[in-house]
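If you want the building blocks of each chain, they are given just below.
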Amino acid sequence: MSSQTVVQSASKIQHKWVVPRLALMMFLQFFVWGAWYVTLGVVMGKYGLSAIIGDAYSIGPIASILSPFFLGMVVDRFFASQKVLGIMHLVGAVLLWILPGMFTANSGALLWMIFGYMLCYMPTIALSNNVAFFSLKSSEKSFPIVRAFGTIGWIVAGLIVGTTGLSDSTSIFTLAAVASVVLGIYSFTLPNTPAPEKGKPMAIRDLFCADAFALLKQRHFLIFIICATLISIPLAAYYAYAAPYVAAVGFENVGGVMALGQMSELLFMLLIPFFFRHLGIKYMLLIGMLAWFLRYVMFAFGINEELRWMVYIGILLHGICYDFFFVIGFIYTDKVADSRVKGQAQSLLVLFTYGIGMLVGSQISGALFNRMVTAQGEAALPQWQSFWWYPAIAALLIATLFFFTFNYRELPEEAKKNGR
């Protein structure tokens, strides 16, 4: 029996405790990220590094371009995904532990240290997805439940950071480091996710991950990747500047307020199977993109005291923004990809979204912020309003492009299995 047949057969078996085990993996995966990523801009502002916030948030995308796709090829051909996941988190924990001391050094050293860490962390997004999809019998039904615990992890991290007053403290990296050690060790106990192509001769096309790129020959997948990359450009403005904006309009518990978005994400994550049956992939992706437009509109109007509630609505929209686009995007990619290149396919999506799209978006939003938001206090609020209209309009245009160009139909047996 070939290794591919073994992989396909094994993936149909779902053991009793696999969902709780994968849920804990996702909880820790996003706890590590959520502990420091949301309020990084606030910490940098405290240390007089506001001018390089855009650069700091560009580092993750660069790491997403350089490392995850290569590791996707590695786990498809050489090593079990859960083992690579564990190693990446253990190495990352060391770098996180060192980071607090870098804020008193020069800014260049700080950025290089964050870059080193993100080279370790960004591949683990695709790796954790790969472990989950391999072990779950029905991805569209079980994966949202597993992924929901990632959201819970992000929420818990945000609440801890917010309620303990760590939003502007470098201790957020120490908290993330401890969680990263726990996840690194735990990863070695996860269900085995073997390399589907292990033992087969290496060809030049494998080095360039040609089989994963071959997915782009399918018109619907090409359109999806283009629109996913484009929507990640305005998305970057939220990740880099939502927390500083929330602080600017007068909220003190920034970490706690931002965690409302993850609470919303948790709710909609659990509702994905329902919407998946009734809306399908295209309309869920479209609604997710339109939600980004609406969110930025809410932020633009939320600068006024009497409309401050719109800031809460904008944050609560995160559930639809993230779940309906990125989670559905991962599920769609898993359906489209051949079993031999599922790891590479997940990394391909990470490369174009968290990588290219977020990199371009971080640079654009950073340039806009430095040029437009130049005042302090209440004087800066009209500038913030102008700032948010740019990603709002961009998201609307991209959603329109997606609606008129994306056309994906599931195979009859898949539609029947999904209850449609």
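This part takes up the overall build of the protein. When helices and strands are tallied, the protein shows 18 helices and zero strands. The buried share of the protein, taken over its 420 residues, is 61%. Put simply, of all contacts in the protein between residues at least 6 apart along the chain, 85% involve residues at least 24 apart. Accessible area of the protein: about 16200 Å², with a carbon and sulfur share of 69%.

Below, the discussion takes up the side chain of T333. Here T333 is to be found in helix α15 (residues 318–336). On the accessibility criterion, T333 (0% relative accessible area) is buried. The residues contacting T333, other than those within four sequence positions of it, are F221, F224, A345, Q346 and L349.

To continue, consider the pattern of salt bridges. Should the charged atoms of two oppositely charged side chains come close, the side chains can pair. Counted by the stated rule, this structure contains two salt bridges. As a salt-bridge pair, R308 and E305 come within 3.6 Å of each other at their nearest N and O atoms.

Taking 1.5 Å as the rise per residue, helix α4 (residues 53–66) with 14 residues should run 20 Å; its terminal C-alpha atoms sit 21 Å apart, in good agreement. Taking burial as the measure, the 14 residues of α4 include ten buried ones, the bulk of the element. Residues I53, G54, A56, Y57, S58, I59, G60, P61, A63 and S64 constitute the buried set of α4.

Conventions used here
Residues numbered from 1 in each chain as written. Predicted model: local features only at pLDDT ≥ 70, side-chain atom pairs only at ≥ 80, totals over all residues. Heavy atoms only, no water. Helix = DSSP H or I, 4+ residues; strand = E, 2+ residues; numbered from the N terminus. Buried < 20%, exposed > 50% of the residue type's maximum accessible area, 1.4 Å probe, protein only. Contact = heavy atoms within 4.5 Å. Areas by Shrake-Rupley, 256 points an atom, 1.4 Å probe, with all protein chains shown as cover. Salt bridge = Lys/Arg side-chain N within 4 Å of Asp/Glu carboxyl O. Expected span 1.5 Å × (residues − 1).

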